[in-house]
Amino acid sequence: MSTNNAALRVEGVNVSFGGLRALNDVYLEIGKNEVVGLIGPNGAGKTTMIRCISGLLKPDSGRIIRHPFDDPEDDEPVRLGLVPQNLAIYPDLTVQQNLEIFGRLEGVTGKALKYRIEEVLE
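Small disclaimer: the values here were computed from a predicted structure and weren't measured.

**Student:** Where do I start with the sheet that holds strand β3 (residues 61–66) in this structure?
**Tutor:** Taking strand neighbours across the sheet as the criterion, the three strands line up as β2-β1-β3 in an open arrangement whose pairing is antiparallel. Each edge of the open sheet carries a strand with a single partner, namely β2 (20–31) and β3. Averaged over all adjacent pairs, the angle separating strand axes in this sheet is 15 degrees, with direction ignored. Where strand β1 (residues 6–17) lies against β3, five bridges are found, and the strand directions are antiparallel. Pairing of arginine 9 across the sheet is with isoleucine 65, part of β3.

**Student:** Just checking my understanding: could you explain unusual backbone geometry for this structure?
**Tutor:** Excluding glycine, most residues fall at negative phi; most peptide bonds, likewise, are trans. Positive phi, close to 55 degrees, is recorded for aspartate 25, a residue that is not glycine. Within the fold, aspartate 25 resides in strand β2. Among the residues examined, aspartate 25 registers a relative accessible area of 44% and is labelled partly exposed. Of note, asparagine 33 is a non-glycine position whose phi angle comes to about 70 degrees, a positive value.

**Student:** Quick question: what am I supposed to make of the environment of cysteine 52 here?
**Tutor:** With respect to the helices and strands, the residue cysteine 52 is situated in helix α1 (residues 46–53). Relative accessible area serves as the criterion here: at 2%, cysteine 52 is assigned to the buried category. As for cysteine 52 and valine 13, which are separated by 39 residues in sequence, their C-alpha atoms are 8.9 Å apart. Leaving out residues up to four positions away in the same chain, cysteine 52 has contacts with Val15, Leu23, Leu57, Pro59, Ile64 and Arg66.

Cut-off values and rules
- Residues numbered from 1 in each chain as written.
- Predicted model: local features only at pLDDT ≥ 70, side-chain atom pairs only at ≥ 80, totals over all residues.
- Heavy atoms only, no water.
- Pairing = 2+ DSSP bridges.
- Helix = DSSP H or I, 4+ residues; strand = E, 2+ residues; numbered from the N terminus.
- Axes fitted to C-alpha atoms, helices over the stretch in contact; angles between N-to-C directions.
- Buried < 20%, exposed > 50% of the residue type's maximum accessible area, 1.4 Å probe, protein only.
- Contact = heavy atoms within 4.5 Å.

This is the structure in structure tokens:
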């Protein structure tokens, strides 16, 4: 695997839950400015992989390298965005109101929240 332009590298990741192997020797590389979607049937390991990438679950073996977090010379942020299978919005609110609520839930407030909402709406 190339490492020069990777924002994320997954190298030989394995995860088991009891006797069930959820991830089996997964290799993945995502370059800077790439957008990737994980699709597949229920039970394919998508959620387990996202949990590992986001740091919520430690793989049994293998490694995950997220730049710049694991590369102090790289200062470009890596953004992990998740789109749930079911639409998760409040239908009685406007788009802007939904963004305000979810921004605040993520701890974004004040001018930063206003800026991010404007940026997303643009």
